[in-house]
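# Report on the structure
What follows is each chain in one-letter form.
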Amino acid sequence: MSIHQFSVIQALMAGLYDGAFPTREVLAAGDFGLGCGNALNGELVIVDGQVFRCTDDGAVSPGDPDELLPFAEVVPFAPTLHHELAGSVDRTGLEALITGLVGNPNQFYAIRLDGEFSDMLVREPVRQHHPYRPLPEVMTTQREMTLPSTTGTLVGFWAPHIFQGVSVAGYHLHYLNDSRTHGGHTLNYTVTAGTLHVQPVADIEVHLPGTPEFAAADLLSPSADADIRRVESTSASAR
Ligand SMILES: [Zn+2]
């Protein structure tokens, strides 16, 4: 069982937002995961084989099987660790709990948490147009939304730190509520109740785009680690 990743995070950081991988190809590789839409049109949540797009108008719509995606990470979801949360826990607490549960930070794991949340802070990018600017610049305009009380699913991955730049090192979790009306890339939350399902994965297959833009891109940036941490885990107002 492998994680399949389509493109690399450093390509997004460099402003490569044109899709290169058909959604149906991504879904054939896994029924669970995350990604982003063509031209940064929304954060994607892939759950139970369905793709949902969370856009900057705060809405959620179904993904298009023919759309080309610039980035996605999926796995055939088959969790082996299950854990019922005993009480309320914040983002840092949940991350520590998962890390403790798996006990191997040098391996990938896929994470699903079905539960109840308070103060769920999600973000969605603003759709981009050519010429594209690098992601750290673009995400200063991201839309952020707090859901004070919500029931839904966290979907995402842990990647080992040595994979920073290929994947997002550490935790990368998206959210989708049960009524499929709100969601996005999570920046903060408190889990008040829920069940955790975790799948440790030792294998990853990375599919690189065959586009001229990817061939010409400079994917080595000395500030990559700091840039990725800023873009992926902090509110635009805190940067
Ligand atoms: Zn994300």
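Described below are features of the structure shown in this document. (Residues numbered from 1 in each chain as written. Predicted model: local features only at pLDDT ≥ 70, side-chain atom pairs only at ≥ 80, totals over all residues. Heavy atoms only, no water.)

## Brief notes about the coordination of the zinc ion
Defined as follows: Here a donor is any nitrogen, oxygen or sulfur atom (N, O, S) within 2.8 Å of the metal, with 3.2 Å used for Na, K and Ca; water is not among the atoms considered, so some sites may look incomplete. Exposed residues in this analysis have more than 50% of their type's maximum accessible area, buried residues have under 20%, and partly exposed residues fall in between, with area computed by a 1.4 Å probe over protein chains only.
Summarising the metal site, the zinc ion is bound by the protein donors His172 (NE2), His174 (NE2) and His185 (ND1), whose distances to it range over 2.0 to 2.1 Å. In primary sequence terms, the donor set of the zinc ion follows H-x1-H-x10-H. What makes His174 buried here is its relative accessible area of 1%.

## Quick look at the nonpolar core
The condition is simple: Only buried Ala, Val, Leu, Ile, Met, Phe, Trp, Tyr and Cys residues count toward a nonpolar core, and they belong to the same one when joined by side-chain atoms within 4.5 Å.
Counting residues in each nonpolar core, the largest one holds 32 residues, and the members touching the most others are Ile9, Leu12, Tyr17, Val75, Leu135 and Leu176. Core analysis: the second largest hydrophobic core is formed by 22 residues, Leu113, Met120, Val122 and Tyr189 among them.

## As for the sheet that holds strand S5 (residues 50-54)
For clarity, the threshold we go by: Two strands make a pair as long as DSSP finds a minimum of two bridges between them. Working definition: helices are DSSP H or I runs of at least four residues, strands are E runs of at least two. Numbering for both runs from the N terminus. Lines are fitted to the C-alpha atoms to define the axes, a helix being fitted only along its stretch in contact, and any angle between axes, read from their N-to-C directions, falls within 0 to 180 degrees.
Read from one edge of the open sheet, seven strands run S6-S5-S4-S3-S8-S1-S15, paired in mixed fashion. Both outer strands of the open sheet, strand S6 (60-62) and strand S15 (203-207), are each paired with one neighbouring strand and no more. Mean inter-strand twist for the sheet, computed between neighbouring axes without regard to direction, equals 20°. Here five bridges tie strand S1 (residues 2-6) to S15, and the two strands are oriented parallel to one another. Bridge pairing in S15 places Ser2 opposite Asp203.

## Remarks on the pattern of salt bridges
Cut-off, in case you're wondering: Salt bridge criterion: a side-chain nitrogen from Lys or Arg within 4 Å of a carboxyl oxygen from Asp or Glu.
Summed over all chains, the structure comprises eleven salt bridges. Notably, a salt bridge pairs Arg123 with Glu43, separated by 2.8 Å at the nearest N-O pair. Linking Arg123 in strand S11 (residues 108-124) with Glu43 in strand S4 (residues 43-47), this pair joins segments that are 80 residues apart in sequence. A residue is classified by how much of its surface remains accessible, and Arg123, at 2% relative accessible area, is buried. For Glu43, a relative accessible area of 6% corresponds to the buried category.

Bear in mind that shape data such as this cannot, by itself, settle questions of function.
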